[in-house]
Amino acid sequence: MSEPHDPLRSLFHQAADRGQAQAGPLPFARIAERGRKSQRRRRTAVAFAACLVLGGGGAAAATLLPGDPAPVPPANAPSQPAPSPLDTAPPPTSVSSTPPPPGEPSSSGPPAR
């Protein structure tokens with residue numbers, strides 16, 4: 001089956017032949033530069049992502065961790081019980097109405113001179 005002569009078909013063939021004749025491989029320097037650019041972009045993206053992860057993780061940890069913890073007493077110190085409300089009154093003191101004889105020292109107060 002033969003195809004009818006198509007003027008567009010012959011023009012496309014001519015353009016393809018001319019393009020193939022002018023086409024050639026790119027110089028090595030240009031290919032290497034494109035590779036370096038691509039590698040720089042990848043490294044920048046990885047560094048940016050790492051900064052986001054570390055910054056976001058630090059912010060989340062700072063938010064989720066509690067504030068200042070309550071102080072803990074040392075392990076070797078004995079714990080003292082809290083005073084009860086009954087212990088707040090002063091103990092009763094005995095008052096003697098007669099003074100001690102002048103030769104004996106008194107049990108309360110400074111010694112007599």
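Refer to the structure printed above.
All values derive from a computational prediction rather than experimental measurement. (Residues numbered from 1 in each chain as written. Predicted model: local features only at pLDDT ≥ 70, side-chain atom pairs only at ≥ 80, totals over all residues. Heavy atoms only, no water.)

Peer 1: I tried to follow the overall build of the protein on my own but got confused; where do I start?
Peer 2: In terms of regular secondary structure, the protein is built from two helices and zero strands. Classification of the 113 residues of the protein by burial places 0% in the buried group. Of the roughly 11,400 Å² of accessible surface on the protein, 64% is carried by carbon and sulfur atoms. (Helix = DSSP H or I, 4+ residues; strand = E, 2+ residues; numbered from the N terminus. Buried < 20%, exposed > 50% of the residue type's maximum accessible area, 1.4 Å probe, protein only. Areas by Shrake-Rupley, 256 points an atom, 1.4 Å probe, with all protein chains shown as cover.)

Peer 1: For this particular structure, what's the right way to read the pattern of salt bridges?
Peer 2: Pairs can form between side chains of opposite charge once their charged atoms are near each other. This structure, assessed with the given rule, holds two salt bridges. Between E33 and R36 there is a salt bridge whose closest N-O contact spans 3.1 Å. With a gap of three residues between them, E33 and R36 both fall in helix α2 (residues 28-64), about one helical turn apart. Here the salt bridges share partners, and the residues they tie into one network are E33, R36 and R40. (Salt bridge = Lys/Arg side-chain N within 4 Å of Asp/Glu carboxyl O.)

Peer 1: Looking at this model, I keep getting lost on a nonpolar patch on the surface. Mind explaining?
Peer 2: A contiguous nonpolar surface patch, about 350 Å² in accessible area, is contributed by L8, L11 and F12. Among the secondary structure elements, L11 is positioned in helix α1 (residues 7-22). (Patch = residues over 30% accessible without salt bridge, like charges linked within 9 Å, V, L, I, M, F, W, Y side chains within 5 Å.)

Peer 1: Just checking my understanding: could you explain a positive patch on the surface for this structure?
Peer 2: On the surface, a cluster of positive charge is made up of R30, R34, K37 and R41. As for its placement among the helices and strands, R30 is situated in helix α2. With a relative accessible area of 52%, R30 lands in the exposed category. (Lys, Arg positive; Asp, Glu negative; His and termini not counted. Charge placed at Lys NZ, Arg CZ, Asp CG, Glu CD.)

Peer 1: Help me understand α1 in this model?
Peer 2: An α-helical turn contains 3.6 residues, so any two residues separated by three or four positions project in the same direction. Given a rise of 1.5 Å per residue, 16 residues ought to cover 22 Å, and the 23 Å separating the end C-alpha atoms of α1 matches this to within 8%. Within α1, only zero of the 16 residues are buried, which leaves it mostly out in the open. (Expected span 1.5 Å × (residues − 1).)

Just geometry here; none of it tells us what the structure is for.
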